[in-house]
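# Close look at the chain arrangement
In case you want the letters, here they are:
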Amino acid sequence: MGFWVKRVAVLMIAVLAVLPLLWAPAPAAASGEGRVVLIGVPSLRWTDFQTGRAPHLRRLAARSAIGLLSAKSIGRSTCLPDGWATVSSGSRAATGLCAGTPTARSDGPGAVVEDVPSIGRYVDALGFPARIGLLGDAVHRSGGCVSAAGPGAALGGADGSGRIDRYTADPAAANVTDCAVTLIGFDDLVTARGERRRDVVRRVDAAVGVLLARIPAGTTVLVAGLSDRWGIPRLRAVLASGGGFDRRSLGSASTRQPDLMILPDLTATVLAAAGIPAPDTLVGTPARSTGGPHERLGEEIRRLNVQASEGEVLKRVSSGFHLGVVVALYAVYALGAVALWRRGRWLPVLRAAALAAAALPASTFLVNLLPWADPPLSADPGAALVAGVLLCDVLITAAALALTRRRSALAPVLAVAGLSAAVLAADQLLGMNLQVNSFMGYSHLGGWRYFGIGNVGFAVLTTATLLAASVLAQRAHDRGRPGTALGVIAGLGLCAALLDGLPLWGSDFGGMIAFIPGLAVTLLLASRRRVSAAKLAGLAIATAAGVLAVAFADRLRPAADRTHMGRFVNDLLHGDALPVIERKLTVMAHSFTNPRLVPLTLLAVLFLVFVLRGPAKDLLTRAPLLRAGLLGALTTLVVGTLVNDSGLSVLAMGITVLFPLTLAATTRTLNVTATEPAPRPLEPVP
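Residues numbered from 1 in each chain as written. Predicted model: local features only at pLDDT ≥ 70, side-chain atom pairs only at ≥ 80, totals over all residues. Heavy atoms only, no water.

### A few points about the packing of aromatic side chains
The following threshold applies: Note on ring pairs: Phe, Tyr and Trp rings are taken, using the six-membered ring of Trp, and paired if centres are within 6.5 Å. Classes follow the plane angle, with under 30 degrees stacked, over 60 edge-to-face and the rest tilted. Throughout, exposure labels follow a simple rule: accessible area from a 1.4 Å probe, protein chains only, divided by the maximum for the residue type, with under 20% read as buried, over 50% as exposed, and the rest as partly exposed. By the criteria applied, helices consist of DSSP H or I runs no shorter than four residues and strands consist of E runs no shorter than two, each listed in order from the N terminus. Throughout this description, the term charge over a ring refers to an Arg CZ or Lys NZ atom that lies within 6 Å of the ring centre and within 35 degrees of the ring normal.
Applying the stated criterion to the full structure yields six aromatic pairs. Between the aromatic rings of W46 and F49, the centroid separation amounts to 4.4 Å while the plane-to-plane angle is 45 degrees, which identifies the pairing as tilted. Like F49, W46 is buried. A centroid spacing of 6.3 Å and a plane angle of 85 degrees characterise the contact between Y333 and F607, whose relative ring orientation is edge-to-face. In this pair, Y333 sits in helix α11 (residues 297-342) while F607 sits in helix α21 (residues 597-613), placing the two residues 274 residues apart along the sequence. A relative accessible area of 10% places F607 in the buried class. Taken together, the ring pairs connect Y333, F607, F610 and F659 into an aromatic cluster. For R342, the ring lying beneath its charged end belongs to W341, and the centroid distance is 5.9 Å. One cation-aromatic arrangement involves R583 over F128; the distance from NZ or CZ to the ring centre is 3.7 Å.

### Structural notes on the side chain of T636
Filter applied, for reference: Any pair of N or O atoms that falls within 3.5 Å is considered a polar contact. Within protein, one atom must be able to donate a hydrogen and the other to accept it, and sequence-neighbouring residues count only if both atoms are side-chain atoms.
Within the secondary structure layout, T636 lies in helix α23 (residues 624-643). Residue classification places T636 among the buried residues on the basis of a relative accessible area of 1%. Among the polar contacts listed, one links the side chain of T636 to the backbone oxygen of A514, at a separation of 3.3 Å.

### A closer look at the environment of L602
Mapping L602 onto the fold places it in helix α21. For the pair formed by L602 and A652, sequence separation is 50 residues and the distance between their alpha carbons is 9.0 Å.

### A look at helix α12 (residues 346-366)
Quick note on the threshold: In this analysis, the expected span of each helix is defined as 1.5 Å times one less than the number of residues it contains. Working definition for bend: take the seven residues up to and ending at a residue and the seven starting at it, fit an axis to each, and measure the angle between the axes.
Taking 1.5 Å of rise per residue, the 21 residues of α12 would be expected to cover 30 Å, and the 30 Å separating its terminal C-alpha atoms lies within 8% of that figure. Its axis deflected by about 45 degrees at L360, α12 carries its strongest bend there, up to four residues before the proline P361. Of all the 21 residues making up α12, 16 are buried; the element is thus mostly covered by neighbouring parts of the structure.

Here it is as structure tokens:
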């Protein structure tokens, strides 16, 4: 390869060598060697803490660290047994018992949960590396015991054989003194029928109040709404008192959010509070208090309720929005066919429509700078969200048209692609959470990602980066600086790769696998090097080695600081990786049956091939480095589709940026006269 390519390769090796030094450990979580009581109140929400409805829980919250809990297990929603099974295993689990309850058979002062072996087999069959009984086994290895009250709590605290040391079926009679770890389940909010929720909340609150009065001083108390109700997923309430937790926000390293935890974090928090070492396979991390002290509990609860509602609003309007996007893209493609045939006054219309389509993903992120879920917009937050996206899209399109009106055909590509890449880069560098609760980002309600770059965000970032870099490189090349042109592509590409892949920022395992080949193809084509099978094979090996190096470096960090990249290596070493890979490949393959994405993506690809071989031929002749960027981006999108569980969504969303920008540049080229100077021929870079 050329001089710049070699220099970038050396730089990447140097970066990988010092990766462990780049990641600061997470702030210390509360820990100790005392008692801990986990009170599970399935489906509990912060809306249940209204004044006068739950006075005991409200008084406890006033002196506790409080936050939101993503009660996500394996299914679309989490039933009561699945929630407790996830606590038991410290990772997502399912039971197959949602229609019933676990069976706890009394055995002396304790009990045996007879369902533990069958639940373990059920989880294994689903392809999830969960270890039912992990919590109980960890306590027993330390020489301690576990007390449980209620059949769900018994499942949560049982060891791998199903054994629980102290047990009562009545949560009000829970033994909170004999063992360092006590799990209690008040299931009324899920199991009660024919009663108003507020009445059930009052009854549960009264029982919790009596229980709190019996808990010895100095005990760490956790209260968590660890399951959903009626199959409706929501963010639930969680609070922690004592053991170093105080009147602040409650979050964890698992989510990198100051006020959000996941179910496996409860397992890690229980073990940390009891001073018991966490097993290496535990997914969760101990909860931690963050931020300043709460001045007014009511305002903090209102803030958490608003935050929880954002995901629900997004879920409610998401289907209609995406259907509208699909229809709009079909309209743009139809307009493209008419404009490329009729030309004339149709071309400016197509240019504006194409830029608007390409700017849409960035608009779905930027709208989160607006308070669309807060009063007065909260009167109809769904409409406010959609209107905000459309407003951002119109503003970006208008600005791109105005600023590039008298510039080259590639200027609109640079404007929109550059902005899209900059938005996602700023989101990672500044921790702006623009992808959270975004139409083309991810939702904490969905529970599959809580930080970093999502698969759709990856498609937008990499496509936009390669297109913007190729336009800038073309300008440098036209000025007689081919080495600088390759340096621009390599430099911007490396920055995007690090933002996307490093656990410090994007933490996107599959993204690194896909982006490095696309960047390499772009550099090879831009330097006039032949893309051969041998080079592609070497590139695949180098990519795998680089990505595994990042993942292994992540695994070297403390368990509480690892991301899913380090946990994958852990699964690999424990022999649990194959079921995970099989499950993700199955989900990826299923994406090719999506009735919306398949025809839209197929049409976009065929139309893109037609445009590149016909109307855009002159554009690519005048800007050969743009061709390199386009092919590199397509390489990334194809590989990304095959290695990510989002599957076809990666290609579909990447094409949403790539093809409209190609159309916008093509419309400008078709209006350019032949008097423009010919482009400078590409030369190999020494």
